[in-house]
Amino acid sequence: MERQFPKNVRQIGNVSDEPKIYMEDYVDTYLNQLRMKAIDSPIAALLTGEIVEQEGQAVVYISGALQIETVEVAGTEIRMDEEIWKRTQEERETHFPEQEAVGWCMIETGHPMGLNQGAGELHKKLFEKENTVFVWRDALETDEIFYACKYGELMQMGGHYIYYERNPTMQSYMIRTRKENGVTPSELVEDRAAKNFRSTVRNKKNYREQRQSSRFSYAMSVSLVVVVLAIGISTMNNVDKMRSVQKSLDMLSMSIGKTEETNGTVKEAENNKEDKQNQKNKTEEKTVDNKADSKETENRKKTENEQQKTEQSTATGKQAQEDYYTVQRGDTLDKISLKLYGTANHVEAICKMNGLTDGNLIYIGQKLLLP
């Protein structure tokens, strides 16, 4: 049966790297027990388990650990006797017969950077398989670093998993070696129970946080939908308002255009009227000038008087037939009064009859009502 990923796990660090490393909780507890002994001198432990491929990626399961008798650290060099390594492998076959060596652990005080070269050389000597693991732990602190052998070199991993499963093999080994490690069975059970309790509490806390996060996300999503709908409705209303304003502007523009056309027609009529008035004024001015310059001989005056008398009699005849007079070229109100009445005393009466404020503003063809 193909192995499945553990369900009850605790993630430590960034686990995006490959291979995925899973360390069983009893193994983690055992290595913590060895930490107290490593304060005075370094301690190494062999890690057992299996390296498999799941869902297209390499996975390392560390389900057992046993202490290596002695290990020496000289500067940056780490030494391990071949005989000791041989006895460690024999012990693995005794206590963990169904597991293979998947790596080793080094527990000491100090900084791991100085031991990188020595650890890499020893790892190549002890392990030939790819994805085998090296774990460094500080004896005084809780610091730890996981490495994996990739392409012939130890590469640091971003994180790993602690998983919780029944592990009677490791539990039995820890009970047999409790005297060497100074741990009583009650302490072992209490430590495991405490870890299980903390794991349960942590899982419940994570579940509550996930639920709260889900509720918050749901509320935010609903709020976002409401905001989007409000913006959409407001936009539609604004579009309608803009169309209404545009329609009003178009109507106003058309009205202004018509007004301008009307004003243009009125102005044109006024200009025509002014032109006619100017022509009349010029005609009258010429007539006045002619009056001022008319120094003719007595014979011409007599002739004009005779003509005026003749015109007067003609106009008088017309007046009997009609009640108005049509202005002719060269006429003035004085001349018209002389023609019609034989005297210029009727000019004011003619102006009043026709509503003229200026007696000079008459034009050819104009019909004047006669008093």
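Just above sits the structure.
Residues numbered from 1 in each chain as written. Predicted model: local features only at pLDDT ≥ 70, side-chain atom pairs only at ≥ 80, totals over all residues. Heavy atoms only, no water.

**Student:** Would you mind going over the pairing of strand β7 (residues 100–108) with me for this structure?
**Tutor:** On any regular strand, side chains alternate: one points to one face of the sheet, the next to the other face. Burial within β7 is extensive, with 8 of its 9 residues counted as buried. Of the strand pairs in this sheet, strand β3 (residues 43–54) and β7 are connected by 7 bridges, and their pairing is antiparallel. Bridged to I43 within β7 is I107. Where β7 meets strand β8 (residues 133–138), 6 bridges bridge the pair, whose relative direction is parallel. Bridge assignment links G103 to a residue of β8, and that residue is V133. (Buried < 20%, exposed > 50% of the residue type's maximum accessible area, 1.4 Å probe, protein only. Helix = DSSP H or I, 4+ residues; strand = E, 2+ residues; numbered from the N terminus. Pairing = 2+ DSSP bridges.)

**Student:** Before we go on, may I ask you to explain helix α3 (residues 116–126) in this structure?
**Tutor:** A turn of α-helix holds 3.6 residues, and therefore any two residues three or four places apart point the same way. Taken residue by residue, α3 has G118, A119, G120, L122, H123 and L126 as its buried positions. Residues of α3 that are buried in the fold lie against β6 (77–79), α2 (82–95), β7, β8, β9 (144–150) and β10 (153–156). (Contact = heavy atoms within 4.5 Å.)

**Student:** Even after reading the chapter, I still don't get the sheet that holds β10, so can you show me in this structure?
**Tutor:** What links the strands of a sheet is backbone hydrogen bonding, and the strands pair in either a parallel or an antiparallel sense. Within the open sheet, the 9 strands sit side by side as β1-β11-β2-β4-β3-β7-β8-β9-β10. Their pairing is mixed. Each edge of the open sheet carries a strand with a single partner, namely β1 (9–13) and β10. On average, adjacent strands in this sheet sit at an angle of 30° to one another, irrespective of strand direction. Against the sheet, helix α1 (residues 25–37) engages β1, β2 (20–24), β3, β4 (57–68), β7, β8 and β11 (159–163), with an angle of about 40° to β4. Of the strands in this sheet, β3, β4 and β7 are in contact with α2, which crosses β4 at around 105°. (Axes fitted to C-alpha atoms, helices over the stretch in contact; angles between N-to-C directions.)

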